[in-house]
Structure formats: structure tokens, C-alpha cells
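Spelled out from the first residue to the last, the chains are:
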Amino acid sequence: MQIQLPYAGIVLLVGPSNSGKSTWLKRLIENKTIRPSEVVSSDDYRNLVGDVEHIDWKGHPSDEADALYEAYQNISTEAFALMTSLIEARARLNKLTIIDATHLYASDRKKYIELARRLHQPVYALVLDIDQVTLLERDQQRDFPRGGRRVKQQVQVFNREKRSMKREGFDQLHIVADVEKVELVRPMNNPLHISADHGIDVIGDIHGCFDEFIELLGRLGYSENEEGLYVHPEGRTFLSLGDIMSRGPKSLETIRFFVRHVEAGLANMIDSNHGWKVLRWLEGRNVTMKHGDELFVEELNVFEEENGAELTEALRSSIKRLLKNAPSHYVLTKHDIPTAVCVHAGIRDEFIGKSSRDISDFCRYGDNDGFDDSGKPIRKDWTVQHHSKMLIIWGHDPRQRPLRLNQTINIDQGVVFGGNLTAFRYPEQTFVQVEANQDYAQVDDNPLVTLETKRLDPPNIGKFMNGYTVETEAFGTIHVSKETIEPSIDLVSHHTVPLEELVYVPPTMSPTPKPAAEAGYLEHPDEAIAYYREHGITRLIAEKKHMGSRAILLVFKDEDAAERTIGRRTKGIIYTRSGRRFFESEQELEVVTRLHQSLISHEYFTTHQTEFVLLDAEILPWNLKARDLIRNQYAHVAEQALLDREQLKHALESAVDRVEGVRDWYTEVNQKLEQAETFKQAFQTYCWDVEDINAIKIAPFHVLAHSEETFFDKTHEWHMGMNQRFADMDELFLATEYRLIEDPDTANDVIEWWKAMTEEGHEGIVIKPDRFLTQVDGKLIQPAIKVRGRKYLSIIYGMDYLEPENLKRLKKRNVSKKQKLALREFALGMEGIKRFVHREPLERYHECVLATLAMEAEPVDPRL
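Residues numbered from 1 in each chain as written. Predicted model: local features only at pLDDT ≥ 70, side-chain atom pairs only at ≥ 80, totals over all residues. Heavy atoms only, no water.

Caption draft 1: Structural detail: the overall build of the protein. Within the protein, the regular secondary structure consists of 26 helices and 37 strands. In terms of C-alpha radius of gyration, the protein reaches 37 Å, well past the compact-globule figure of 29 Å for 864 residues. Projected onto its principal axes, the C-alpha positions of the protein cover 120 × 85 × 50 Å. Of the accessible surface of the protein, which amounts to about 39800 Å², a share of 47% is contributed by carbon and sulfur atoms. Side-chain charges of the protein comprise 109 positive and 138 negative groups, with the mean position of each set lying 4 Å from the other. (Helix = DSSP H or I, 4+ residues; strand = E, 2+ residues; numbered from the N terminus. Rg over C-alpha atoms; globule rule 2.2 N^0.38 Å. Areas by Shrake-Rupley, 256 points an atom, 1.4 Å probe, with all protein chains shown as cover. Lys, Arg positive; Asp, Glu negative; His and termini not counted. Charge placed at Lys NZ, Arg CZ, Asp CG, Glu CD.)

What follows is the structure, given as C-alpha cells:
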């Protein structure tokens, strides 16, 4: 007799004392059928908690016997409580546990059946049915006999209970009369695990779009061999997330394809809602075939008409076998380590690697909350509850583009609705897509169309409240903590422009990674240039850094374009780096109207075939936004310092030649007076009166996007060229000076330019790689490094910061956290803009904006 144990679950051994349970388990451990850790024995736990396996109360006076019996019962109660705790922990961790105890009473068995059901584990019963004579003989041979009377009582209870065990809800129940004739077999590896070491191509919902599916396999590198099977030269296999049939034109052909390839070990397929429905129909269940499933029935009927009943029955059997064997999900492993999960509609973390009816239902349909008026399920966002590090790849819910959210990826792009068929290559984590030949479904409620109409629906703030992750193409996964997200949510709830208009927040910028080697400087271009040279970047650009206020400009072709894009009729929006409106309403309207007229008159939107332009810019003068800061902080400090130091200078002048040691003091005060004057001149350089908008200057240093494209693949020289074009269109736009760095000579020229510029009081320069987005060995490097001049830094670090002791201390500043923030915020900004341009839902680009604002809430030295 062979008994197949589950990979994980709970196995109860049932039988009176002396049935041979412990002896049998020891033999199974010795021959390595089971592990010692997989056995939980009640005798062992009595030893653990009470130092004894058994207390014999027979032969004692009644008062002693009662005390001994009570002690034994107390020990047993604690032992079983501890056992249950361990068994529950093992069940949560998806381990096999074999429980060695008598389990004679239904109540004893019920608690483990309920525990297994609650934790989605199978529960088996191995019932050892040994005759009473043998049990009594074995009892005489024990070190601590239980006694004939007790053994007979247990046999009586066992015989009574045995008849009802089959109705108690065990997944399997085996009655064993002779353990010597039993062979236990168990898988040592989880059958839901698939190795991805040779590569797996995970394919989204096909829905009978067979032609697109075959084209996709070709793009993935698969080709048809002599046996008509599609194989990959590198040994890769493909895995379907389910719903391979229904709605589309060739369900039967797609199913037959998977039958052959799954049986040949070249493919795998996951259970799904349409697959489950088709299976029940094939089994003769009372199922209403609709929502595209009726097309499968029609195809099968045509097949029978053309091929006869016998071939059709054989086909039905093979389809049933394929669908019945399809698991709820698969776990992909790299070097035997679980790293990703493939599932049709969704999965909870605690379900991963397990099997149960509830798990299957959840994986087929996702997390639903009843039905709407049209009878469609109301889908809840199960991804919010995903906290595991494992990547979850899923489909079922059509989205216009692959959706990365909280360490999950949706790859159902609605091919049957006229979208795309998507493959996700693992472990490379790249996408390959094929566009649908047409909209096959032809339904009134096309989900891709519905998504577009709901694109600007308010986001579910609840999914962000406890922290979340954002998947970015440039940087990978970025984690946002609960502590930093709360103030950011408050900010966008009360102070920023409307969420649909807040499409991008510029990243912070890192200063030079190392202090200046040249004496008398805190920052110097040499250190920025050296950083990029160390990463193998030889062509750089240095741009003049304007001292103003950072701003984002979103200017539309017309009000119709704005309504299509952000749901509001406007010519444009201008907001600050914190998302607040840059100008008062009337002034914003005046500025936007002026810029819009200039762009229209120069046919910008027509030439570039775009409905909007998104610009990252600096708006001058500084006092336009920082008037109160300048008046209350910088001007006040400067005036007070000049007054105090001037008074001290006059007081010392009369004593310079009369009192010994005063001259050194006088010289020091005179130097400090000069430093105070430098401080005053420094911030005044960036301020002027603004009587009308003609005094405003806008320096757009990045053209981030048009309505159909982003410009992250362009060089900064291209962006500067666009900057000059804008300056040619309207005097409000300010062209930015720049220099290229290609060799030591041009580097020296830039340094001299920087020194001359900053000595005149200008802020400094920004040094960048040649290209907007630069990665080295797959890692993002700093997109820009600011190098500020000595005079400007007096505003930041104080008018006396260049004094030797102060400068020595400042050169020890730690910029590593600022550098990390700069990289993450840069990646988030690009990710959000791409999602906005791709017309993804508001929630998708908003999560990037919100994450950037949260990064800004992290504690970092504000002077960096």
C-alpha cells in the first residue's frame, strides 16, 4: 500500500496507545522519508513542559492517585497548547507536520482540521487499526505500561469513532492495519515551484487571440520544430497566466496548442476564471456559458461536426485534463530560492506556495466585493496588502500598459479588446508585446475604454497611508515610509494644485561628492568632473545655475487639449517645486496667456504635433517667491551684522595705535565687515523690482515631455538648444549659458568661467553627463551636480564660513544621503512623467509625485 503525503500540511496519526505510531515514525526518519523536525509528539512535549512522558497513578491511595492524575492532566494541557502553537507556526510557514498522538476523540481531531482550513493547508489522517490482542501484548513490553484497562477503553473509543472519521472533513483518510506493508511517499520540493534558471516567458491573458500569441512567441525567440512544437534555443519555456480561451476568435486552437506543449513539458498554465468555468461545463455542471465562453462552445460544436464524436470526446478529455491540473499559481525560483509568483487574478502573501479551495477562488477572481448593477464583480485592490519581497506577476484585469505597483506587475493589456498581448521575461524583467489585429470582443463596456474615461478619478489615498513602494524603470523599487508619507498627503490635500495637474516634482540636486581640494573653496568643479570621469563619462556639460525659484510649466495647445489631458479647460499651469501655485491667479493667467500666444504664433504645437509641452525651469528674480525670506532673514541679518561690525570697527580705530594687541583685533573685525558686505551683495544680486511680467525671466532647462513622447533619451545640449528656441520666441524666456567639457582644456575653461561668474556674485554652475539619463553597469549615476560659488555659499553657510576653522569643519559634511535622495527623486520624476504621457490613471502618476514629496520630508541638511 502506497500513501502519498502532501508537500506541506498536517498529518494526524490516529490510534490507541501501542499502535506503533512512534516506532513507525522513527523508522521513517531513519530511512529519510521524513525529517525529524516534521514530527511533533505529545510524549515529547510532556517531557518538555513537565519532565515526564507519563505519570502512573495506579496502585496509589485515592488521594495520591487524584493528585498524580491532576498533575498529569495539567502537564498534558500545557503540552498540547505548546504543540498547537508550534503546529500553527509550521502551517503558516508551509511546512509538513506529522502529529504523533492518539487523537481518539472527534474534538481532538476537529481542532487540527479547523487549524488546517484556516491556514489553507491539507489535513490527512493515517488511522492505525491494530487488533486489541496486539495492543495489549505491546503494552506489557513498554517501560511505562498504560495498563490493560486503559488500552481496552481506548480500543472501545477508537472503534466507535472510526465509523465517523470519513465525514469529519479530512482531505485524505487512510486506514492502515499493518504499517509494514505501507510505503509513504512525499515530495521534498513544492510542486508549485518552477525553476526560472533557464528563463521563463510569462504571458498575459490570450483569450483566443491565437495569431497574436504565435507572433509573440516568434518575437520571444521560439520557433516550430519538426514535431510542431515551439521551442527556444536557450531552453526557455513559456507560462500562461490563464484565460487562454473565450471572447477571442480561436479559443479551441489556443487550448489544443497548450495541451500539446504542457504535456511535452515546454509550457505551463495557471488556473483562471474562464478556464474554471469551461472545465465545469465540460464536466456537465449547470453553468451558463456567457461573457465570451459561449464562443468556445460554438467552436467545439463546429469541431464535432467536422471530426465526429470520437475525436471530440478525446479532445474534451485532454482539455479537461489540462484545466483540472492547472494550479492556482506558480512560484518561480532562482537557484532554488523563491523570488516571484505567477497568478491569474491576485494572491495574498499568506497563500503563496499553498493550495486550498479558498486560495484557488481568490487566485481565479481576485479580491471581489460583491457585484455592481450590471452583474460584474466589484474588484478590490488586493495589491495594497502585498508586503512580501516576492514579485507577483498577474493578469485578469486589463490595463492599457504593464502596471508595476507595490512589487506586483499586471501584464493583461487587453489583447482581445484591441490592446496588446504582453510577455514578461523572467528573470530579465523585460517586456515584449504584440498589438492586437483588431478589437475581437466588440463589447459596449470595453475595459480599456472604461479605464480611459476613469483616468482622472481620485486615487485611493488609503493604499499609500502606511507606506508603499514604487517600481521605477531607472532605479528599480523605491520604498516610501509611513513617517514621510503622512505630511506629504497633508500637503497635497490642502496646499498644492489639483492632483491631476501635479504631474511632476523636480528632484533635489546633489552638491559635489567630495570637498574641494583647492584651498579656500568648499565646492569646486574639479570634484564634480572627477566623479563623472571615475564612472567613465568623458563628455559633460556645464550650465549656468540661475538663482531663482524652481517651477514646472505645463502649457497646452488649447483648452480642449487641456480638458482631454487634465480634465480642466485652461491654457496652462505653473507651480513650484512643492506643488503649490507659483503665481497668484491673475498673474498666472497673464504669464500663461503670454507664453501660449508666443508658442502658437511660432507654430510650436503644430510643428511638434503635440497637445502640450512640459517644462522644468527656473523663474527669476529670486525675490519673486522668496520676498519674505529675504526681508526677514537675509536682509535683517546683513543689516544687523553690518551695523554691529561697523560700530565695533569705529570703537577700535581710536585704540589701534595706543593699545597693544588691538591692531590684530581691528584687522579681524575689518575682514568680518567685508564678509558681511559680501553677504549683502550676494543675495541682492538675485533680486530686482517686478512691476509687471516683463521683469520676469523664465529659464527652461529641460523640455520634459510632449503629449506623445518624453525626452529622457536626448542630450543636455539638445535641451539647451530647445532652451534657446524658447528664448527666441518670447523675451520672458531666458537662454542659459553653457559650456561643453570634453578634455582637460575645456575643463579648465569651464573652471575659469565658473570662477569669474561666481566672483561677480552669480550662484554657480551645474555639471551634468552628456545625456539626460545616464547609467553605468545598469546603475543610475548622478544626473546633475551643482557647484556653487564662494560668495553664494555665504548665504547658505553664513558670512564667516570661509574662516579656516569653519571651512575645515564644513569640509567634513556628509552628502551621501543627499546623493541617494537625488537619484531616487530623479527616477521617480521620470517614471511619473512617462505614466502621465502614456495616459495612465491619475493614481499611477500621482504615486510618483507623492513619493518625491515624501523623499523631501526625510531629514537632510537643508544647506546641501
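Still more ground to cover, so stick around.
Caption draft 2: Looking closely at the packing of aromatic side chains. Taken as a whole and judged by the stated rule, the model has 27 aromatic pairs. Taking 5.5 Å as the distance between ring centres and 55° as the angle between the ring planes, the aromatic pair formed by Tyr230 and Phe257 counts as tilted. One end of the pair, Tyr230, is in strand E11 (residues 230-231); the other, Phe257, is in helix H8 (residues 251-263), and 27 residues separate them in sequence. Ring pairing ties together the aromatic residues Phe210, Phe213, Tyr222, Tyr230, Phe238, Phe257 and Phe258, which thus form one cluster. (Phe/Tyr/Trp six-rings, centres within 6.5 Å; stacked < 30°, edge-to-face > 60°.)

Caption draft 3: Up close: the side chain of Arg813. Along the chain, Arg813 turns up in the loop between helix H24 (804-810) and helix H25 (816-837). Within the local environment of Arg813, its side chain forms a polar contact with the side chain of Glu523, the two groups lying 3.0 Å apart. A distance of 2.8 Å separates the side chain of Arg813 from the side chain of Tyr797, its partner in a polar contact. (Polar contact = N/O pair within 3.5 Å; in protein donor to acceptor, adjacent residues only side chain to side chain.)

Caption draft 4: Expanded view of the packing of helix H9 (residues 273-282) against helix H11 (residues 309-325). Put simply, H9 and H11 touch, their axes get as near as 10 Å, and they point 135° apart. Our classification of the angle between H9 and H11 gives oblique. Like other packed secondary-structure pairs, H9 and H11 cross with a definite hand, here left-handed. Packed against H9, whose contacting residues are Gly275, Val278, Leu279, Trp281 and Leu282, the element H11 presents Arg316, Ile319, Lys320, Leu323 and Lys324 at the interface. Classifying every residue of the contact of H9 with H11 by side-chain character gives 6 nonpolar, 1 polar and 3 charged. (Axes fitted to C-alpha atoms, helices over the stretch in contact; angles between N-to-C directions. Parallel < 35°, antiparallel > 145°, perpendicular 65-115°, else oblique. Left-handed = near helix turned anticlockwise from the far one by under 90°. Contact = heavy atoms within 4.5 Å. Nonpolar A, V, L, I, M, F, W, Y, C, P; charged D, E, K, R; others polar.)

Caption draft 5: Here's a closer look at empty space enclosed by the protein. By the definition in use, this model includes 3 cavities of 30 Å³ or more. Roughly 60 Å³ of internal volume is contained in the largest cavity. Along the lines of polarity and charge, the residues of the lining of the largest cavity split into 2 nonpolar, 1 polar and 4 charged. (1 Å grid on protein atoms, 1.4 Å probe; cavity = no way out; pocket = protein on both sides within 12 Å on 5 of 7 lines; lining within 4 Å. Points joined across faces, edges and corners; volume = space filled by probe spheres on them.)

Caption draft 6: Main features of unusual backbone geometry. Cis geometry marks the peptide bond from Tyr426 to Pro427; its omega dihedral reads 15°. Backbone torsion omega between Leu620 and Pro621 reads 5°, so that peptide bond is classified as cis. Structurally, Pro621 can be placed in the loop between strand E30 (612-620) and helix H19 (623-653). With a phi close to 75°, His396 is a non-glycine residue in the positive phi region. Note on placement: His396 falls in the loop between strand E18 (391-394) and strand E19 (403-405). Accessibility expressed as a relative area gives 10% for His396, which makes it buried. (Buried < 20%, exposed > 50% of the residue type's maximum accessible area, 1.4 Å probe, protein only.)

Caption draft 7: Representation of the side chain of Thr383. Along the polypeptide, Thr383 turns up in the loop between strand E17 (377-379) and E18. By relative accessible area, Thr383 is classed as buried at 3%. A polar contact of 2.5 Å, which involves the side chain of Thr383, links it to the side chain of Asp381. Those residues within four positions of Thr383 in sequence are excluded, and the remaining contacts are Trp394, Leu405, Asn406, Thr408 and Lys463.

Caption draft 8: Just the pattern of salt bridges, in detail. Under the criterion given, the structure shown has 56 salt bridges. Among the ionic pairs, Arg285 bridges to Glu283, the shortest N-O distance being 3.5 Å. With relative accessibility at 48%, the residue Arg285 sits in the partly exposed group. A relative accessible area of 29% means that Glu283 is categorised as partly exposed. The shortest N-O distance in the salt bridge between Arg594 and Asp730 comes to 3.0 Å. One end of the pair, Arg594, is in helix H17 (residues 585-601); the other, Asp730, is in the loop between helix H21 (716-729) and strand E33 (738-741), with 136 residues separating them in the sequence. Overall, the relative accessible area of 23% leaves Arg594 in the partly exposed class. (Salt bridge = Lys/Arg side-chain N within 4 Å of Asp/Glu carboxyl O.)

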